[in-house]
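These are the residues of each chain, in order.
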Amino acid sequence: MKKKTVISASALIILAMLMLVMASARAEITAAAQLNAPGITIGVDQGSAAEKTVRELLPEAAVAYYTDKFLGYTAVAQGKIDAFVYDRAQMQLAIENGQSDVRLLDENLGDPIRIAVGLSPVSTIPDLEKQINRFIAEIRADGTLDDMYRRWVIEEKETMPQITLPDHPDLVLKVGTSGVVPPYSYYQDGVLNGYDIELAFRFAAWLGAGVTFKVYDYGAIVPAAVAGDVDCIMANLNVTPERQEVLPFSGILCENILGIMVRGQAGPEAAPAWAAYNGKRIGVLTGPLMENIARANFPDSEHLLFNSYPDCITALLAGRIDAYLGDELGLKSVHAEQPEIDYIRDRITQQDCSFAFRKNDPRSAALCEELNAFLALSHENGTMQELEDIWLGADEARKVVDMSGLTGEKGTIRVVTTSTDMPFSYIKDGKNVGYDIDLVVRFCRYAGYGLELGDVDFAARIPAVQSGKYDFTTDMNVTEERKEQVLFSDPTCTGGIVLAVLSSSLEEASSASAGESGHAPAESQRAESVWESLSSSFHKTFIREARWQLFLEGIGTTMLITLLSILFGTALGFLVFMLCRNGNPFANGVTRFSVWLVTGTPMVVLLMILYYIIFGSVAISGIAVAVIGFTLTFGAAVYGLLRMGVGTIDRGQYEAAYALGHSNRHTFFRIILPQAIPHVLPAYQGEIVGLIKATAIVGYIAVQDLTKMGDIVRSRTYEAFFPLIAVTVIYFVLEGLFSFAVGRIRVGIDPRKRSRERILKGIDPHD
């Protein structure tokens, strides 16, 4: 019996040693993709958003649950599990405070996790959800919430500010917390400290209440709130669908990034993944925000400026840039539609998005306050969460904006957007849709306004608001520099600036080499693949959502601007020439100055001056302003052509005409002008072609011409080939039509090309 016991004990010792050897012999984990395999075990905090993310993104791995994150860290260090997924900031803090034999992978897992206050559904505090959301909206607006996050999470300052609570409160706020989650809720010198603790004190002071804390394990804290033992939970609580079934939540406080802890020695904290692109070609959207971020974080890079995100996408796919700066929420939509484009999950900066109003204007300030009240109410009643679910979700059927119920009883507000900015503002099925469009429509319905939408390029949106042409603009990242220019509303959403790159650049080297030993596809297969690609692109560009209608609408707008500009410009140029042809000094002086001013000003600048300054306070459409601008430039060209054409006619013809008794006017119209016109018609034809091409810039003043429609289609398909080729072909056709029309006129008035019958019309050849 004793011998069997000794053998059994020896076997157990040998087995334990073998397990240790096997654990130490595990392959080194260097990328998240290695964790998605049978035999891999990943630790998570039970019931957290990390569990859901691991199950979705790493389904092949087994999941181990831990109620104490430090036990998870130790399990990784001892090789009992392969990885632990948790809040990156907290795991980094644990490593810096002495957690040994573990390190963090450079990459993160999944999207950031939303953190909010959990609310007891049976709390005795009246309107608790309404109160907490109003409080959060206020401290977000005045910068307190951002300051708290910076002090506790970024800078790790462990000093609680002095917050005064009432001495004898009628109300006591009961807060559930964990006490083991630095820097959010933890003990320091026996006293609770951290971001959530400060938040609780501030909320209690705002309520005029006292505060007591109850500390729970994470597994018990939600049941405690459900039972009413606490009024709310402030413990870095993840918002998950399961928790939302039993608890209401406040508006979002902040977002956590899920890091991956694996076994190994932690070196110095790795630079963010986007830092590797410093020195490469970076696409930057025109404007101070993106340009400043590029200069600060990519000082050694070549910065290429673009007017819109579709231009950035086209340049990235064509290999003209290596990456571009973009909004994280927008890039999620881009990646879902165009898998060839991905983005580095590490945020470069975190940015609040707001609506921007005209500064120092009482009406704008009142409208902004009205919108802020609506935003606070929308956070309380769940509207903001509904908008996120619709426009950041995958269900395309829900992405529809209901434009009904806009009574206009309080007037019409004018809102300017950029229709190439998914998911905030874009064109779908020929209609304006998007997160911001939906939010604006709901606000107008709530407040009793009508709505007029404008569409300009991104760089023109702030000038459009500053000029008073529009009441406010949507989806603007809040910066200190912009605060000097416009008045911002409370945040409409929170995101960040990230770096968009080709998906291939993020793939593992192993997957890149996986096909090296394979055989090249047959020519027929390659041709079929190309044909299928072209067919798919054609369908997305023209057929899907009836996008061919957008091109037709753009053609109509371009034709209208061109035709009216030709007619009015020709009449204007001819009228000015008639005023100046006899040498009137005053008329010639004014004309020379005006022509110099108009022709010396870049066309896009001239249009913006007309639209935002001269006609800034006038209710005039962008098409009318475009016609005025191009009429001025085309009129100046016609004036110059007439001077040149008439100048080629010998002065002796005037003298001969006068000698025969013709008047000055009769001489000009019957003798001089008919000879001058054939000289200038070729140049006139060239001016028309130039005018058609010049209209491509009218998108700066809220005109959806052919080029703008091409950009809108590109913003939905994320492809350059068919939209750009279609726009190019259409412009060639339009130029051909106008050239043909002018050519027919040239034939009709050129004596050398007229028929004998027309020359002898009205003459009897037998006389």
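That block above? That's the structure.
Nothing here was measured: the structure is a model prediction, and the numbers come from that model.

Cut-off values and rules
- Residues numbered from 1 in each chain as written.
- Predicted model: local features only at pLDDT ≥ 70, side-chain atom pairs only at ≥ 80, totals over all residues.
- Heavy atoms only, no water.
- Helix = DSSP H or I, 4+ residues; strand = E, 2+ residues; numbered from the N terminus.
- Buried < 20%, exposed > 50% of the residue type's maximum accessible area, 1.4 Å probe, protein only.
- Contact = heavy atoms within 4.5 Å.
- Areas by Shrake-Rupley, 256 points an atom, 1.4 Å probe, with all protein chains shown as cover.
- Core = buried A, V, L, I, M, F, W, Y, C linked by side-chain atoms within 4.5 Å.
- Axes fitted to C-alpha atoms, helices over the stretch in contact; angles between N-to-C directions.
- Parallel < 35°, antiparallel > 145°, perpendicular 65-115°, else oblique.
- Nonpolar A, V, L, I, M, F, W, Y, C, P; charged D, E, K, R; others polar.
- Pairing = 2+ DSSP bridges.
- Left-handed = near helix turned anticlockwise from the far one by under 90°.
- Patch = residues over 30% accessible without salt bridge, like charges linked within 9 Å, V, L, I, M, F, W, Y side chains within 5 Å.
- Salt bridge = Lys/Arg side-chain N within 4 Å of Asp/Glu carboxyl O.
- 1 Å grid on protein atoms, 1.4 Å probe; cavity = no way out; pocket = protein on both sides within 12 Å on 5 of 7 lines; lining within 4 Å.
- Points joined across faces, edges and corners; volume = space filled by probe spheres on them.
- Phe/Tyr/Trp six-rings, centres within 6.5 Å; stacked < 30°, edge-to-face > 60°.

(A) View of the overall build of the chain. Of regular secondary structure, the chain possesses 29 helices and 25 strands. Evaluated residue by residue, the chain yields a buried proportion of 48% over its 767 residues. Contacts in the chain between residues far apart in sequence, at least 24 positions, make up 75% of those at least 6 positions apart. Only carbon and sulfur atoms are counted for the fraction: they give 57% of the accessible area of the chain, which is about 36500 Å².

(B) The arrangement of the nonpolar core in detail. Judged by nonpolar contacts, the single largest core of 62 residues is most densely connected at Phe 551, Phe 630, Tyr 684 and Ile 688. For this core, the elements supplying multiple residues, two or more each, are α16 (461-466), α21 (548-580), α22 (585-600), α23 (603-614), α24 (622-647), α26 (664-694), α27 (706-717) and α28 (721-749). The residues contacting Phe 630, other than those within four sequence positions of it, are Ile 561, Ser 565, Met 603, Leu 607, Gly 635, Leu 691, Ala 694, Thr 695, Ile 697 and Val 698. With 61 residues, the next largest nonpolar core counts Tyr 86, Tyr 149, Val 181 and Ala 225 among its residues.

(C) Seen up close, the packing of helix α5 (residues 128-141) against helix α7 (residues 195-207). Put simply, α5 and α7 touch, their axes get as near as 11 Å, and they point 110° apart. Here α5 lies roughly perpendicular to α7, going by the angle between them. Each of Leu 128, Gln 131, Ile 132, Arg 134, Phe 135, Glu 138 and Ile 139 in α5 lies in contact with α7, whose residues at this interface are Leu 199, Arg 202, Phe 203, Trp 206 and Leu 207. Residues belonging to the contact of α5 with α7 are distributed by class as follows: eight nonpolar, one polar and three charged.

(D) Focus on the environment of Arg 363. By the secondary structure assignment, Arg 363 is in helix α13 (residues 362-381). Counting along the chain gives 108 residues from Arg 363 to Asp 471, while the straight-line C-alpha distance between them is 9.0 Å. The contacts of Arg 363, once residues within four sequence positions are left out, are Thr 412, Ile 413 and Asp 471.

(E) Fine view of the sheet that holds strand β7 (residues 180-181). Strand order in this open sheet of three strands is β7-β8-β9, and the pairing throughout is antiparallel. Each edge of the sheet is formed by a strand with only one pairing partner; in this case those strands are β7 and β9 (191-193). Bridge count for β7 against strand β8 (residues 185-188) is two bridges, and the pairing is antiparallel. Counted as the bridge partner of Val 180 is Tyr 186 from β8.

(F) How the structure looks around the packing of α21 against α24. Running from N to C, α21 and α24 point in directions that differ by 45°, and their axes come no closer than 6 Å. On the basis of the axis angle, α21 is oblique to α24. Handedness of the crossing formed by α21 with α24: right-handed. The residue inventory of the contact of α21 with α24, partitioned by class, reads 20 nonpolar, seven polar and one charged.

(G) Focus on the pairing of strand β13 (residues 258-263). Counting buried residues along β13, five of its six residues qualify, which places the element largely inside the surrounding structure. Strand direction decides the pairing type here: strand β3 (residues 83-87) and β13, joined by five bridges, are antiparallel. In the strand pairing of β13, Tyr 86 is matched with Gly 259. With three bridges joining them, strand β4 (residues 102-104) and β13 adopt antiparallel strand pairing. Among the inter-strand pairings, Arg 103 is bridged to a residue of β13, identified as Val 262.

(H) Spatial organisation of a nonpolar patch on the surface. Taken together, the side chains of Trp 531, Leu 534, Phe 721, Ile 725, Val 729, Val 733 and Leu 737 present a nonpolar region at the surface, about 700 Å² in accessible area. Sorting the residues of the nonpolar patch by element identifies α20 (523-543) and α28 as the ones contributing at least two each. For the nonpolar patch, the leading source of residues is α28, giving five residues. When its relative accessible area of 46% is taken as the criterion, Val 733 is described as partly exposed.

(I) Structural context of empty space enclosed by the protein. This model, assessed by the stated rule, comprises six cavities of 30 Å³ or more. Reported here for the largest cavity is a volume of approximately 180 Å³. For the largest cavity, the lining is made up of 17 residues, of which Leu 285, Tyr 309, Asp 421, Phe 458 and Asp 475 are closest to its centre. Mapped onto the lining of the largest cavity, the elements with two or more residues apiece are α10 (288-297), β19 (420-421) and β23 (472-477). Residues belonging to the lining of the largest cavity are distributed by class as follows: six nonpolar, seven polar and four charged.

(J) Structural view of the sheet that holds β19. If you walk across this open sheet you meet the three strands as β19-β20-β21, and the pairing is antiparallel. What marks the edges here is a single partner per strand, and that holds for β19 and β21 (431-433). Relative to β21, strand β20 (residues 425-428) runs antiparallel, the two being bridged by three bridges. Each bridged residue has a counterpart across the sheet, and for Lys 428 the counterpart in β21 is Lys 431.

(K) Quick look at the packing of aromatic side chains. Scanning all chains against the criterion turns up 26 aromatic pairs. Geometrically, the ring pair formed by Phe 203 and Trp 206 is stacked, given 6.2 Å between the ring centres and 20° between the ring planes. In this pair, Phe 203 and Trp 206 both sit in helix α7, three residues apart, roughly one turn of the helix. Judged by its relative accessible area of 30%, Trp 206 falls in the partly exposed class. Summarising the aromatic geometry, the rings of Phe 374 and Tyr 446 are spaced 5.1 Å apart at their centres and angled 40° between planes, so their arrangement reads as tilted. Residue Phe 374 is located in helix α13, and its partner Tyr 446 is located in helix α15 (residues 435-447); the two are separated by 72 residues in the primary sequence. Its relative accessible area of 6% is what places Phe 374 among the buried residues. Given a relative accessible area of 47%, Tyr 446 falls into the partly exposed group.

(L) Focus on the pattern of salt bridges. Scanning the entire structure with this criterion turns up 19 salt bridges. A salt bridge links Arg 151 to Glu 198, with the shortest nitrogen-to-oxygen separation between them at 2.6 Å. A residue pair is termed long-range when its members are at least 10 positions apart, and Arg 151 in helix α6 (residues 144-154) and Glu 198 in helix α7 qualify at 47 residues. Of the residues examined, Arg 151 reaches a relative accessible area of 13% and is grouped as buried. Judged by its relative accessible area of 0%, Glu 198 falls in the buried class. The partner of Asp 471 in a salt bridge is Arg 363, with the nearest N and O atoms 2.4 Å apart. Here Arg 363 lies in helix α13 and Asp 471 lies in the loop between α16 and β23, a separation of 108 residues in the sequence.

(M) Fine view of unusual backbone geometry. A cis geometry characterises the amide bond from Met 422 onward to Pro 423, with omega recorded as 0°. The backbone of Asn 236 shows a phi angle near 50°, a positive value even though the residue is not glycine. In this structure, Asn 236 sits in strand β11 (residues 232-238). Its identity as a non-glycine residue notwithstanding, Asp 429 has a phi of 55°, on the positive side. Note on placement: Asp 429 falls in the loop between β20 and β21.

(N) Molecular detail of the environment of Lys 157. Examined against the element boundaries, Lys 157 turns out to sit in the loop between α6 and β6 (172-177). Spatially, the C-alpha atoms of Lys 157 and Pro 183 are 8.9 Å apart, while their sequence positions differ by 26 residues. Ignoring anything within four residues of it in the chain, the contact list for Lys 157 reads Arg 151 and Trp 152.

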